[in-house]
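Remarks on the overall topology
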Amino acid sequence: MTLAPETTDLLVQLLLEKDWFTVCGLTRLTPGRGVAALLPDGRQAAVFRDRADRLFAIDNRDPFSGAAVLSRGLTGTHRGRPFVASPLLKQRFDLATGRCLDDETVRVTAYAVRAVRSPAEPRRRTPR
């Protein structure tokens, strides 16, 4: 997929407590696949970009196995809701809320996520 020039300098950020934390450049995220990001407190987040260019981030730790593997899971939709299925035991987690679709008593942390323009690069202007 080729991104438009105006999107190549965007950074992906997660909201941690009250501050935004930069994870990576948007071009590092392949639609339909996840990446693991190490957070400042040592935890990991699984960051996803879906094929509709929406961004999601949840805790990377699978609560059923304890392994940090959710970023490697398969993505899909269930009743219009995006999810990732754990690559180990296949439980599905809603990417927007972190709720387990297969066990209502289980959930993982879901993070607010955004894409922002890199402060190092000035905004490109379209010629008139």
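One can find the structure itself at the top, above this paragraph.
Let us look at the structure shown here.

1. Some thoughts on the side chain of Gln91
Assignment of secondary structure puts Gln91 in the loop between strand 7 (81–85) and strand 8 (92–94). Here Gln91 falls in the buried class, since its relative accessible area comes to 16%. Each residue touching Gln91, except ones within four places of it in the same chain, is listed here: Phe64, Val84, Ala85, Ser86, Cys100 and Asp102.

2. Brief notes about the environment of Leu16
Mapped onto the elements, Leu16 comes out in strand 1 (residues 10–16). Classification of Leu16 by relative accessible area gives buried; the value is 15%. Expressed as a C-alpha distance, the spacing of Leu16 and Tyr111, which sit 95 residues apart in the sequence, is 7.6 Å.

3. Some remarks on the sheet that holds strand 9 (residues 110–111)
By way of backbone hydrogen bonds, the strands of a sheet pair with one another, either parallel or antiparallel. Read from one edge to the other, the open sheet built from four strands follows the order 3-4-5-9, with strand pairing classed as antiparallel. Two strands close off the open sheet at either side, each with one partner strand: strand 3 (34–38) and strand 9. The pairing of strand 4 (residues 44–49) with strand 5 (residues 55–59) spans five bridges and is classified as antiparallel. Paired with Ala45 across the two strands is Asp59, which belongs to strand 5.

4. Side note on the pattern of salt bridges
Pairing is possible between side chains of opposite charge, provided their charged atoms come close. Applying the stated criterion across every chain, the model contains six salt bridges. The partner of Asp9 in a salt bridge is Arg117, with the nearest N and O atoms 2.9 Å apart. In this pair, Asp9 sits in the segment before strand 1 while Arg117 sits in strand 10 (residues 113–117), placing the two residues 108 residues apart along the sequence. According to the relative accessible area criterion, Asp9 is buried, its value standing at 4%. Exposure remark for Arg117: the relative accessible area of 30% places this residue in the partly exposed category. Of the charged contacts in the structure, one is a salt bridge between Arg43 and Asp41, with a shortest N-O distance of 2.6 Å.

5. As for the packing of aromatic side chains
Using the criterion set out here, one finds one aromatic pair in the structure. Directly above the aromatic system of Phe83 lies the positively charged group of Arg92, at a separation of 5.6 Å from the ring centroid.

6. Section: a nonpolar patch on the surface
Taken together, Phe64, Leu88 and Leu89 make up a surface patch of nonpolar side chains, about 260 Å² in accessible area. On the basis of relative accessible area, Phe64 is assigned to the partly exposed category, the value being 31%.

Cut-offs applied
- Residues numbered from 1 in each chain as written.
- Predicted model: local features only at pLDDT ≥ 70, side-chain atom pairs only at ≥ 80, totals over all residues.
- Heavy atoms only, no water.
- Helix = DSSP H or I, 4+ residues; strand = E, 2+ residues; numbered from the N terminus.
- Buried < 20%, exposed > 50% of the residue type's maximum accessible area, 1.4 Å probe, protein only.
- Contact = heavy atoms within 4.5 Å.
- Pairing = 2+ DSSP bridges.
- Salt bridge = Lys/Arg side-chain N within 4 Å of Asp/Glu carboxyl O.
- Phe/Tyr/Trp six-rings, centres within 6.5 Å; stacked < 30°, edge-to-face > 60°.
- Lys NZ or Arg CZ within 6 Å of the ring centre and 35° of its normal.
- Patch = residues over 30% accessible without salt bridge, like charges linked within 9 Å, V, L, I, M, F, W, Y side chains within 5 Å.
- Areas by Shrake-Rupley, 256 points an atom, 1.4 Å probe, with all protein chains shown as cover.

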